[in-house]
Amino acid sequence: AQSVSQHNHHVILSEAASLELGCNYSYGGTVNLFWYVQYPGQHLQLLLKYFSGDPLVKGIKGFEAEFIKSKFSFNLRKPSVQWSDTAEYFCATSGYSSASKIIFGSGTRLSIRP
Amino acid sequence: DTAVSQTPKYLVTQMGNDKSIKCEQNLGHDTMYWYKQDSKKFLKIMFSYNNKELIINETVPNRFSPKSPDKAHLNLHINSLELGDSAVYFCASSRGGDTQYFGPGTRLTVL
């Protein structure tokens, strides 16, 4: 069965620290992988996505993620976080067809100390 | 130009009432979704429609009934509201399995 695991429930960092949020997935076929961000009081919006090609994907606001097929992982990274990165981060996976469910991980809350 | 819009943004109501939430997308997408986000931020898919046909129907009480009058609209009707229905409900749309675009959410509070 398709599933997504985010092992870090709450991460607290100081400004300028480097960030890595873990995401592992399980899926029997070819997957699409996503990271979404939800700022406080707002809706989810896409940070970046991987469908195929270069496994290192760059997204908005300096975020990047690397698809490592052998590890079934799609970890999110940022070299230097800012206070404005405080948000909830969701990893997600889906298949290609419209009948595929998108499965979200349980989310990681990121708190940045100014 | 709002891509995915939901109304109302806030909904406060008494237990036992019936209420509806409306969703519209102007992105030309063929697939629309309803999600429920609880107080712990866990996001759970409820329904998905593709070209007005129901394709995903998770284990949701049958008090919840989605209706898609056309590809651009997906409404959610809830009968006999219960305390546990209090949550934020998000509508989303996509083209197939591609990126989902979310609406602003409807915060439902059942008293």
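Going by the structure above, here's the rest.
Since we're looking at a predicted model, the values are computed, not measured. (Residues numbered from 1 in each chain as written. Chains lettered and ligands numbered in written order. Predicted model: local features only at pLDDT ≥ 70, side-chain atom pairs only at ≥ 80, totals over all residues. Heavy atoms only, no water.)

**Here's the deal with the overall build of chain A**
Helices and strands together make up the secondary structure of chain A, namely zero helices and twelve strands. What you see for chain A is a C-alpha radius of gyration of 14 Å, in line with the 13 Å of a compact globule of 114 residues. Projecting the C-alpha coordinates of chain A onto the three principal axes gives extents of approximately 40 × 30 × 20 Å. The buried share of chain A, reckoned over its 114 residues, is 46%. At a minimum sequence separation of 6, the contacts of chain A that also span at least 24 residues come to 56%. Of the accessible surface of chain A, which amounts to about 5400 Å², a share of 54% is contributed by carbon and sulfur atoms. Separation of charge centres in chain A, based on 10 positive and 7 negative side chains, amounts to 5 Å. (Helix = DSSP H or I, 4+ residues; strand = E, 2+ residues; numbered from the N terminus. Rg over C-alpha atoms; globule rule 2.2 N^0.38 Å. Buried < 20%, exposed > 50% of the residue type's maximum accessible area, 1.4 Å probe, protein only. Contact = heavy atoms within 4.5 Å. Areas by Shrake-Rupley, 256 points an atom, 1.4 Å probe, with all protein chains shown as cover. Lys, Arg positive; Asp, Glu negative; His and termini not counted. Charge placed at Lys NZ, Arg CZ, Asp CG, Glu CD.)

**Some words on the sheet that holds strand β8 (residues 73-78) of chain B**
Residues and elements named next belong to chain B. The four strands lie next to each other as β1-β3-β8-β7, forming an open sheet whose pairing is antiparallel. In the strand order of this sheet, the two ends are held by β1 (4-7) and β7 (64-70), each with one partner. Strand-to-strand, the axes of this sheet are offset by a mean angle of 20 degrees, without reference to chain direction. (Pairing = 2+ DSSP bridges. Axes fitted to C-alpha atoms, helices over the stretch in contact; angles between N-to-C directions.)

**Digging into empty space enclosed by the protein**
Residues and elements named next belong to chain B. Summed over the entire model, instances satisfying the criterion amount to one cavity of 30 Å³ or more. As a volume, the largest cavity reaches approximately 40 Å³. In terms of lining residues, the largest cavity is bounded by D30, T31, M32, Y49, N50, N51, K52, S68, D70, K71, H73 and L74. Contributions of two or more residues to the lining of the largest cavity are made by β4 (31-37), β5 (43-50), β7 and β8. Broken down by class, the residue content of the lining of the largest cavity amounts to three nonpolar, five polar and four charged. (1 Å grid on protein atoms, 1.4 Å probe; cavity = no way out; pocket = protein on both sides within 12 Å on 5 of 7 lines; lining within 4 Å. Points joined across faces, edges and corners; volume = space filled by probe spheres on them. Nonpolar A, V, L, I, M, F, W, Y, C, P; charged D, E, K, R; others polar.)

**Quick look at the layout of surface pockets**
Here the largest pocket is characterised by a volume of approximately 260 Å³. Lining the largest pocket are 13 residues, with H9(A), E88(A), R109(A), K40(B) and K41(B) positioned closest to its centre. Among the elements of the structure, β10 (87-94) and β12 (108-113) of chain A are those that each provide at least two residues to the lining of the largest pocket. Classifying every residue of the lining of the largest pocket by side-chain character gives three nonpolar, six polar and four charged.

**As for the nonpolar core**
Most often, soluble globular proteins keep nonpolar side chains buried together rather than apart. With 28 residues, the main nonpolar core has W35(A), L47(A), L48(A), F74(A), L76(A) and Y89(A) as its most contacted residues. When residues of this core are traced back to their parent elements, those giving at least two are β2 (10-14), β3 (19-21), β5 (32-38), β6 (44-50), β8 (64-68), β9 (73-78), β10 and β12 of chain A. Discounting residues that sit within four places of it in the chain, Y89(A) has contacts with Q6(A), L21(A), W35(A), Y36(A), V37(A), L47(A), F63(A), L76(A), G107(A), T108(A) and L110(A). By size, the runner-up hydrophobic cluster in this structure holds 20 residues, among which are C23(B), Y49(B), V60(B) and L76(B). (Core = buried A, V, L, I, M, F, W, Y, C linked by side-chain atoms within 4.5 Å.)

**Points about the interface of chain A and chain B**
With 23 residues of chain A in contact, the opposing surface of chain B contributes 20 residues. Both faces combined, the contact of chain A with chain B buries some 1700 Å², and carbon together with sulfur accounts for 58% of it. Our count for the contact surface shared by chain A and chain B stands at one salt bridge. For D98(B), the salt bridge goes to K49(A), with nearest N and O atoms at 2.9 Å. (Buried area = accessible area lost by both parts, 1.4 Å probe. Salt bridge = Lys/Arg side-chain N within 4 Å of Asp/Glu carboxyl O.)

**Focus on the packing of aromatic side chains**
Enumeration over the complete set of coordinates arrives at 16 aromatic pairs over all chains. Geometrically, the ring pair formed by Y36(A) and F102(B) is edge-to-face, given 5.7 Å between the ring centres and 80 degrees between the ring planes. Here F102(B) lies in strand β10 (residues 101-102) and Y36(A) lies in strand β5, a pairing that spans two chains. Comparing Y36(A) with F102(B) shows no difference in burial state: the two are buried. Of the aromatic side chains, those joined through ring pairs into one cluster are F34(A), Y36(A), F51(A), F90(A), F104(A), Y33(B), Y35(B), F90(B) and F102(B). (Phe/Tyr/Trp six-rings, centres within 6.5 Å; stacked < 30°, edge-to-face > 60°.)

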